[in-house]
Amino acid sequence: TSLPDATLTFAGEIQDKDIYKSCLKYIAENHLESAVSFLGAVNQKRLGELIKSSDINVCASNLETFGRCVFEGMFGGLPTVIFNRLTCVEEFVKNGEGIFFVEDEKEFSEQVIQLLQNNEMYNQKSIRAIKSTDFISSEAEGLELRSVVERVMGAENEFC
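Residues numbered from 1 in each chain as written. Predicted model: local features only at pLDDT ≥ 70, side-chain atom pairs only at ≥ 80, totals over all residues. Heavy atoms only, no water.

Caption draft 1: The arrangement of the packing of aromatic side chains in detail. Applying the stated criterion to the full structure yields four aromatic pairs. Ring geometry for F10 versus F38: centroids 4.7 Å apart, planes at 10°, classification stacked. Placement of the pair is F10 in strand 1 (residues 8-11) and F38 in strand 2 (residues 36-40), with a sequence separation of 28 residues. Given a relative accessible area of 33%, F10 falls into the partly exposed group. A relative accessible area of 25% means that F38 is categorised as partly exposed. Centre to centre, the rings of F71 and F92 are 5.8 Å apart; their planes meet at 85°, and the pair counts as edge-to-face. Of the two residues, F71 sits in helix 3 (residues 68-75) while F92 sits in the loop between helix 4 (87-90) and strand 5 (99-102), which places them 21 residues apart along the sequence. (Phe/Tyr/Trp six-rings, centres within 6.5 Å; stacked < 30°, edge-to-face > 60°. Helix = DSSP H or I, 4+ residues; strand = E, 2+ residues; numbered from the N terminus. Buried < 20%, exposed > 50% of the residue type's maximum accessible area, 1.4 Å probe, protein only.)

Caption draft 2: Structural context of the pairing of strand 1. With four bridges connecting them, strand 1 and strand 2 associate as parallel partners. Across the sheet, residue F10 finds its bridge partner in strand 2, namely F38. With respect to chirality, the unit in which strand 1 leads through helix 1 (residues 17-29) into the neighbouring parallel strand 2 is right-handed. (Pairing = 2+ DSSP bridges. Right-handed = clockwise from strand over helix to strand, strands pointing away.)

Caption draft 3: Spatial organisation of the nonpolar core. One finds V81, F100, V102, F108 and L115 to be the most contacted residues of the largest nonpolar core, which totals 13 residues. At the level of elements, helix 2 (44-53), strand 4 (80-83), strand 5, helix 5 (105-117) and helix 6 (119-132) are the ones that each hand at least two residues to this core. If near-sequence neighbours (up to four positions away) are discounted, F108 is found in contact with V58, C59, A60, V81, I82, F83 and V102. Of all hydrophobic cores here, the second largest spans twelve residues; its members include M74, C88, V93 and A129. (Core = buried A, V, L, I, M, F, W, Y, C linked by side-chain atoms within 4.5 Å. Contact = heavy atoms within 4.5 Å.)

This is the structure:
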């Protein structure tokens, strides 16, 4: 399947120089320079702009410490596709709730293509992505922080 108007933008540090060079070679050999770009690390403002201008959030990482990039995209309403190896994300969001956990590259690309070609599915997954990240808010974080402080302070008082 061909998506002639699709673009792919990578944001984040280059972790493996050899893979990066291999990707650049593939892009050049297939004349994809106008469709694929690597931005490197971006600040929070630029990340917000990228989320607003994007259609899908993908994370091709095999390791993600907290899944922050995944949740930021979902919070911004982007249906998300990631490998099922990122188990830290699955602790918070279940498959189908605005996110797709896929097994391999073939399933990854099929899911992205399906999202880009099926507007109804895309819209449903976008809404679910936002709803799935309800746990992300300054209010929820504040309540968690307060709870931790209360436990620590209560534990401190018990030992005095």
